[in-house]
Amino acid sequence: MKKIAVKNFFYPPVFEPEYDTNLYEADLGFDQYDHDMAMAVRTENVLWFMLDVIGFDVYFFYTATMRWYLIDHCNGIRLLGLRTREDWDGKYIRGNSIVFSDDVDSPDTIFRADTVDEFIKRVRIDGKPIGEVLDWSFIDEYS
């Protein structure tokens, strides 16, 4: 039986009224394809591959804090906590619930590091290392 991580996470498609909007624990973390591509078992190594080798930014929702975050390459590596839209109705987290700022000096910046290695070693969210955070996160996109 699948265990629900977050109820009503996904916005249901208009033409699929019976769409399952829940986010399940099995959907958290990097998927097997990402691990295979990075040739890595540990989440920290997959993240290092995504950031340092490929140069992707990583956008994710951490279930423990119920908040969206972005790891990007703007003057080093930085972690941003994305703000909830003021007009959001509180339903369906994955939809139009956040505001994104691409300002280098954004007040949403939580942590900044000069290198990917430093970032992975030092960044914490809610006291947890980034590997553990990502294991309990819905990783939405990287580009």
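Before reading further, recall that the structure is shown in the block above.
Residues numbered from 1 in each chain as written. Predicted model: local features only at pLDDT ≥ 70, side-chain atom pairs only at ≥ 80, totals over all residues. Heavy atoms only, no water.

A. Representation of the overall build of the protein in the model. Scanning the protein from terminus to terminus reveals four helices and eleven strands. By element, 48% of the accessible surface of the protein is carried by carbon and sulfur atoms, the whole surface being about 8500 Å². (Helix = DSSP H or I, 4+ residues; strand = E, 2+ residues; numbered from the N terminus. Areas by Shrake-Rupley, 256 points an atom, 1.4 Å probe, with all protein chains shown as cover.)

B. Layout of the nonpolar core. Core analysis: the biggest nonpolar cluster contains 26 residues, and Leu-47, Phe-60, Ile-71, Leu-79, Phe-119 and Ile-130 have the highest contact counts within it. Sorting the residues of this core by element identifies α2 (43-54), β3 (58-62), β4 (67-72), β5 (77-81), β8 (109-113), α3 (116-122) and α4 (130-135) as the ones contributing at least two each. No other element matches α2, which puts five residues into this core. Formed by twelve residues, the second largest nonpolar core is a distinct cluster that contains Val-6, Tyr-59, Leu-70 and Phe-138. (Core = buried A, V, L, I, M, F, W, Y, C linked by side-chain atoms within 4.5 Å. Buried < 20%, exposed > 50% of the residue type's maximum accessible area, 1.4 Å probe, protein only.)

C. Structural view of the environment of Trp-68. Here Trp-68 shows up in strand β4. On the basis of relative accessible area, Trp-68 is assigned to the buried category, the value being 3%. Trp-68 sits twelve residues away from Leu-80 along the chain, and the two C-alpha atoms are 8.6 Å apart.

D. Molecular detail of the side chain of Asn-22. Here Asn-22 shows up in the loop between β1 (4-6) and β2 (23-24). A polar contact is formed between the side chain of Asn-22 and the backbone nitrogen of Asn-8, at a distance of 3.1 Å. Contact partners of Asn-22, with chain neighbours within four places excluded, come to Ile-4, Val-6, Lys-7, Asn-8, Phe-9 and Phe-10. (Polar contact = N/O pair within 3.5 Å; in protein donor to acceptor, adjacent residues only side chain to side chain. Contact = heavy atoms within 4.5 Å.)

E. View of the pairing of β5. With five of five residues buried, β5 is to be regarded as a mostly interior element. By the alternation rule, side chains of β5 split into Ile-77, Leu-79 and Gly-81 and Arg-78 and Leu-80, which are all buried. Sheet topology places β4 next to β5; four bridges connect them, and they run antiparallel. Following the sheet pairing, Ile-71 is matched in β5 by Leu-79. Connecting the antiparallel pair β4 and β5 is a turn made up of four residues, with Asn-75 showing a positive phi of about 55°. (Pairing = 2+ DSSP bridges.)

F. Seen up close, the packing of aromatic side chains. For the coordinates displayed, the defined rule picks out nine aromatic pairs. Relative to Trp-68, the ring of Phe-9 lies with its centre 6.0 Å away and its plane at 35°, an arrangement referred to as tilted. Pair noted here: Phe-9 is in the loop between β1 and β2 and Trp-68 is in strand β4, with a separation of 59 residues, a long-range link. The interplanar angle of 70° and the centroid separation of 5.2 Å between the aromatic rings of Phe-9 and Phe-138 together place this pair among those described as edge-to-face. Pair noted here: Phe-9 is in the loop between β1 and β2 and Phe-138 is in strand β11 (residues 137-142), with a separation of 129 residues, a long-range link. What makes Phe-9 buried here is its relative accessible area of 0%. Members of the aromatic cluster, connected to one another through ring pairs, are Phe-9, Phe-10, Tyr-59, Phe-61, Trp-68 and Phe-138. Just above the ring of Tyr-24 sits the side chain of Lys-2; from NZ or CZ to the centre is 4.2 Å. (Phe/Tyr/Trp six-rings, centres within 6.5 Å; stacked < 30°, edge-to-face > 60°. Lys NZ or Arg CZ within 6 Å of the ring centre and 35° of its normal.)

G. Local environment of unusual backbone geometry. The backbone phi angle of Met-39 is positive, close to 50°, even though this residue is not glycine. With respect to the helices and strands, the residue Met-39 is situated in the loop between α1 (32-38) and α2. When its relative accessible area of 76% is taken as the criterion, Met-39 is described as exposed. Its identity is not glycine, yet Met-66 carries a phi of approximately 55°, on the positive side. Among the structural elements, Met-66 can be located in the loop between β3 and β4.

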